[in-house]
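Chain by chain, the residues run as shown.
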Amino acid sequence: MIAHEFDYRRPASLGEAVGIMSEYPGSVQILAGGTDLVAWLRDDAVAPDVLVDIKDVPGLRDITVGDDALSIGSLVTFTELIESDLVREHAPLLVEMAETVASTGIRNRATMVGNICSAVPSCDAGPVLLVYDTTVHVAGPAGERCVDINDWFVGLRQTALTDDEVVTRVDIKLRQHGGVYVKLMRYAGEDLAQAAVGVVVYPNNEYKVAFGAVAPTPFRSTRIEDALRGKLLDEALVAEVVAVVADEISPITDMRASAEYRTRMTEVMLERGLWEASARFAGTGSDYGVRLI
Amino acid sequence: MQLITTVNGEDWTLDAAPADVLLDVLRERIGIKSPKIGCERGDCGSCTIIMDGRTVRSCLVLAVEADGHEITTVEGIGYDGLSELQRLMLGNNSFQCGFCAPAIVLAATELLEHNPNPSRHDVQEALAGNLCRCTGYEPIIEAVLSAGGGGTE
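These numbers were taken from a predicted model, which means no experiment stands behind them.

Chemist: Could you clarify how one ought to interpret helix α4 (residues 101-114) of chain B in this entry?
Modeler: Along an α-helix, residues three or four apart share an orientation, since each turn contains 3.6 residues. Residue and element names in this part refer to chain B. The end-to-end C-alpha distance of α4, which contains 14 residues, comes to 20 Å, matching closely the 20 Å that a straight helix rising 1.5 Å per residue would cover. Extensive coverage of α4 is indicated by the burial of 12 of its 14 residues. Residues of α4 that are buried: Ala 101, Pro 102, Ala 103, Ile 104, Val 105, Leu 106, Ala 107, Ala 108, Thr 109, Glu 110, Leu 111 and Leu 112.

Chemist: What exactly am I supposed to notice about the layout of surface pockets here?
Modeler: Any empty space left between the atoms is revealed when a probe the size of a water molecule rolls over them. A volume near 570 Å³ is recorded for the second largest pocket. What lines the second largest pocket is a set of 19 residues, among which Ile82(A), Arg107(A), Leu111(B), Asp122(B) and Glu125(B) lie closest to the centre. Contributions of two or more residues to the lining of the second largest pocket are made by α3 (78-83) and α6 (104-107) of chain A together with α4 and α5 (120-127) of chain B.

Chemist: Got a minute to help me understand the interface of chain A and chain B in this structure?
Modeler: Accessible area lost during the coming together of the parts is what is often quoted as the interface size. Taken together, the contacts link 32 residues of chain A with 27 residues of chain B. For the pair chain A and chain B, the summed buried surface comes to about 2300 Å²; carbon and sulfur atoms form 49% of the total. On the chain A side of the interface with chain B, the three residues burying the most area are Tyr8(A), Arg42(A) and Arg109(A), jointly 24% of the side's total. For the pair chain A and chain B, the interface holds eight salt bridges. In this structure, Asp67(B) and Arg10(A) form a salt bridge, with 2.6 Å as the shortest nitrogen-oxygen distance. At the junction of chain A with chain B, the criterion picks out 11 residue pairs in polar contact (both at pLDDT 80 or more). Listed by contribution, the elements that provide at least two residues to the side of chain A that touches chain B are β1 (7-9), α2 (37-42), β3 (50-53), α3 and α6 of chain A.

Chemist: How should I be thinking about the packing of aromatic side chains in this particular structure?
Modeler: Residues and elements named next belong to chain A. A complete count under the given rule lists one aromatic pair over all chains for this structure. A ring pair is formed by Phe 211 and Phe 219, whose centres lie 5.6 Å apart and whose planes are at 40°; its orientation type is tilted. Both residues of the pair, Phe 211 and Phe 219, belong to the buried class. Its guanidinium or amino end placed over the ring of Tyr 288, Arg 280 lies 4.4 Å from that ring's centre, counting from NZ or CZ.

Chemist: Would you mind showing me how to read the state of the cysteines here?
Modeler: As used in these notes, a disulfide is a covalent bond between sulfur atoms, one from each of two cysteines. Scanning the model with the defined rule gives zero disulfides over all chains in all. With no disulfide of its own, Cys117(A) has Cys123(A) as its nearest cysteine by sulfur position, at a separation of 9.9 Å. Residue Cys117(A) is classed as partly exposed on the basis of its relative accessible area of 27%. Cys100(B) provides the cysteine sulfur closest to Cys132(B), a residue in no disulfide bond, and the two sulfurs are 3.9 Å apart.

Chemist: Looking at this structure, I do not really get helix α1 (residues 14-23) of chain A. What am I missing?
Modeler: Residues and elements named next belong to chain A. All of the buried residues along α1 are Ala 17, Val 18, Ile 20 and Met 21. On an axial view of α1, the arc spanned by its buried residues comes to 160°, and they lie on one face. Among the structural elements, β1, β2 (28-31), β3, β6 (134-140) and β10 (166-173) are those in contact with the buried residues of α1.

Chemist: When you look at the environment of Val74(B) in this model, what are you seeing that I'm missing?
Modeler: Relative to the assigned elements, Val74(B) resides in helix α2 (residues 74-77). When sequence neighbours within four positions are dropped, the list of residues in contact with Val74(B) reads Ser34(B), Gln86(B), Pro102(B), Val105(B) and Leu106(B).

Chemist: What is the right way to look at the pairing of β2(A) in this model?
Modeler: Note on strand geometry: in a regular strand, side chains alternate between the two faces of the sheet. All names here are of chain A. Note: β2 against β3, four bridges, orientation parallel. The residue bridging Leu 31 from the neighbouring strand is Asp 53, located in β3. Each parallel crossover has a hand, and for β2 linked through α2 to β3 it is right-handed.

Rules used throughout
- Residues numbered from 1 in each chain as written.
- Chains lettered and ligands numbered in written order.
- Predicted model: local features only at pLDDT ≥ 70, side-chain atom pairs only at ≥ 80, totals over all residues.
- Heavy atoms only, no water.
- Helix = DSSP H or I, 4+ residues; strand = E, 2+ residues; numbered from the N terminus.
- Expected span 1.5 Å × (residues − 1).
- Buried < 20%, exposed > 50% of the residue type's maximum accessible area, 1.4 Å probe, protein only.
- 1 Å grid on protein atoms, 1.4 Å probe; cavity = no way out; pocket = protein on both sides within 12 Å on 5 of 7 lines; lining within 4 Å.
- Points joined across faces, edges and corners; volume = space filled by probe spheres on them.
- Contact = heavy atoms within 4.5 Å.
- Buried area = accessible area lost by both parts, 1.4 Å probe.
- Salt bridge = Lys/Arg side-chain N within 4 Å of Asp/Glu carboxyl O.
- Polar contact = N/O pair within 3.5 Å; in protein donor to acceptor, adjacent residues only side chain to side chain.
- Phe/Tyr/Trp six-rings, centres within 6.5 Å; stacked < 30°, edge-to-face > 60°.
- Lys NZ or Arg CZ within 6 Å of the ring centre and 35° of its normal.
- Disulfide = S-S within 2.5 Å.
- Arc of directions from axis to C-beta.
- Pairing = 2+ DSSP bridges.
- Right-handed = clockwise from strand over helix to strand, strands pointing away.

Right, dumping it as structure tokens:
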């Protein structure tokens, strides 16, 4: 049961959605899949005056590929990512990530964009979108703007999205790459991440490395990326970057894992992830979806 | 708000408040008790229903979101007698207390619709997030594999 009352609006266009949000400054929640939001409403963790259900807004369900980017609309669910040939071809890490999210019944409803809007530290989409060249497209009263994914996560459950804006899609730049998403869970099949590592290898030995669930937000480690840049992996190089993991992350101890365990496992996951991402880049790695831990 | 939805092939028109959760409306207003109240936060799976052909957690859906959509519960699966999957589950003693059974029947039905010949891994993935505290899952998985023609591969 949800204890407090609110209004429910289901706009038929993006303009109408933005208009409603301007009417209720600061007291609107956008409803897409609702798998976070309805639980939060029940917990009284959020108490909006109005919910804006964007599921009837046209154009937000599309997965398209253009000359230089794969576009994923804000209503695309994790199941739709898994089932999309376009996503599998151009951004296979999204499929690998989506397959680890909760359970089928959640993935059928939950959206990837909702995941980065909830922006909990363990959000699975965070590390993966960070290691891709991702731009978040946002509509607001002043029109549309783009937010670089590196500027998106600004604090615990806080994003660059303002109260009167709605995400329309994310664009992922098309580049040759090999990648990996490694997620530590208490049991396979529906848990939040205890720790997560995303790695992508691009041509000329350019690496991107991001972490989830081991800091207030998902984040990239430029220190590790700089140490790797331009170099082929070898044992010494991997050991060098694994040695700085404990400095780079700031995990907490909670019911799901201790800080010490998260730290040690993040080191292991980075080591395995770097080798696997490089192997996948070279065409000798495992299929996407094969779990490393 | 007025809400028009189809539940197991029957059209329903109801008044629902925005804060009414679909699970509660199905149970209390429409009288369908197979979706169970378990964790009420999407973890246990016992409130599973099929909405427009896909399983969803009805504890995480507002009733007003069901407006214009089609809902199937396990009552709607058995209209013409038990499905093949249900018969195999019965024959295999797949359940003991039965609390999770409606949800697991729906999850397995969805799987078999999209993947008629699933592997053991596929079955485990599809059923993950549907907690059963009685059986250890094996008799359930075996029945789904049999329904998919895979036996005990």
